[in-house]
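Chain residues, written in single-letter form:
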Amino acid sequence: ETQAFIREYYDAARKNGVIVDGRIPNPDVNQLAYFSEMLGTDFRPDRAFLDQRLRSWLPRMSDGQRGAVAAAMDATLQDLQRRGKTESILRNAYTKYMCWLYYKFERIVNRLGEEKLPKILYEGTVSIYELLLLSVISGAGADVVLLQVQGDVAYQQLDSTGAYSRLLPVENGKPFPENYSLKNMRQAM
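We now turn to the structure provided with this report. Numbers given to residues run from 1 along each chain, matching the order in which its sequence is written. In keeping with the model being predicted, local features are shown solely for residues with a pLDDT of at least 70 and side-chain atom pairs are shown and tallied solely at 80 or more, while totals for entire chains, interfaces and linings include all residues. Heavy atoms from the whole structure form the basis of all side-chain values; hydrogens and water molecules are not counted.

**Section: the nonpolar core**
With 43 residues, the main nonpolar core has V69, M73, L77, Y94, L101, F105 and I137 as its most contacted residues. Numbering goes from the N terminus for both helices and strands, where a helix is a DSSP run of H or I of at least four residues and a strand is a run of E of at least two. Among the elements of the structure, strand 1 (17-21), helix 2 (29-39), helix 3 (47-57), helix 4 (63-82), helix 5 (87-103), helix 6 (106-109), strand 2 (119-123) and helix 7 (128-139) are those that each provide at least two residues to this core. Sort the elements by how many residues they give to this core and helix 5 lands first, with eight residues. Counting residues in hydrophobic clusters, the runner-up holds 11 residues, among them Y10, V145, L147 and Y180. For this analysis, a nonpolar core means a set of buried residues of the types Ala, Val, Leu, Ile, Met, Phe, Trp, Tyr and Cys, connected via side-chain atoms within 4.5 Å. Three exposure classes are used, based on accessible area relative to the maximum for each residue type with a 1.4 Å probe and protein chains only: buried under 20%, partly exposed in between, and exposed over 50%.

Here it is, written out as structure tokens:
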């Protein structure tokens, strides 16, 4: 049952979404240079600023999609700020979010919130910034599945209260086989 769900979701993400196999790479020097060239180095953790920057950076998004992404991004930045994170950390999160949206998720941002939600399948041990961005994308209208092949101990350390996700219960669920991965599943298919 679990295998069938993963295969079906994998196929849906391949057709209408994004598959993350491992981690989302941090922006490289060239990506950061382009980002700075296009948007400058200004930063303010507020929704109006985020909306304006998203308008320039991802122009294919509709006003509604951009507003949803800006609101969700603002909520995560405000949450980080409430937890005592410095402006430097907030700026770093903003930069990662913007680069990841452009370089990894650009193909779906103009479909967020549509009737047929874009699918994101993430296999790996998610970092806090990745989790927050996936939360932003989910809040703006995408369906996200985190495939925790190694178990959810690492995830529980990031989100012990379940604020960013819901556990998908599997009746009589068992651990994944030791060699299980999306790569191996693709080869078997």
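**Here we look at the packing of aromatic side chains**
When two rings of Phe, Tyr or Trp (its six-membered ring) have centres within 6.5 Å they constitute a pair, described as stacked for plane angles under 30 degrees, edge-to-face for angles over 60, and tilted for the intermediate range. Under the defined criterion, the tally for this structure stands at 11 aromatic pairs. Consider the rings of F5 and Y9, whose centres lie 5.8 Å apart with planes at 35°: the pair is tilted. Residue F5 and its partner Y9 are located together in helix 1 (residues 2-15), separated by four residues, close to a single helical turn. Both rings, one in F35 and one in W57, keep their centres 5.3 Å apart while their planes meet at 85°; by these two values the pair is edge-to-face. Note that F35 is positioned in helix 2 and W57 in helix 3, a separation of 22 residues in sequence. Just as F35 is buried, W57 falls in that class too. Three or more aromatic residues joined by ring pairs make a cluster, and in this case those are Y34, F35, F43, F49, W57, Y94, Y102 and Y103.

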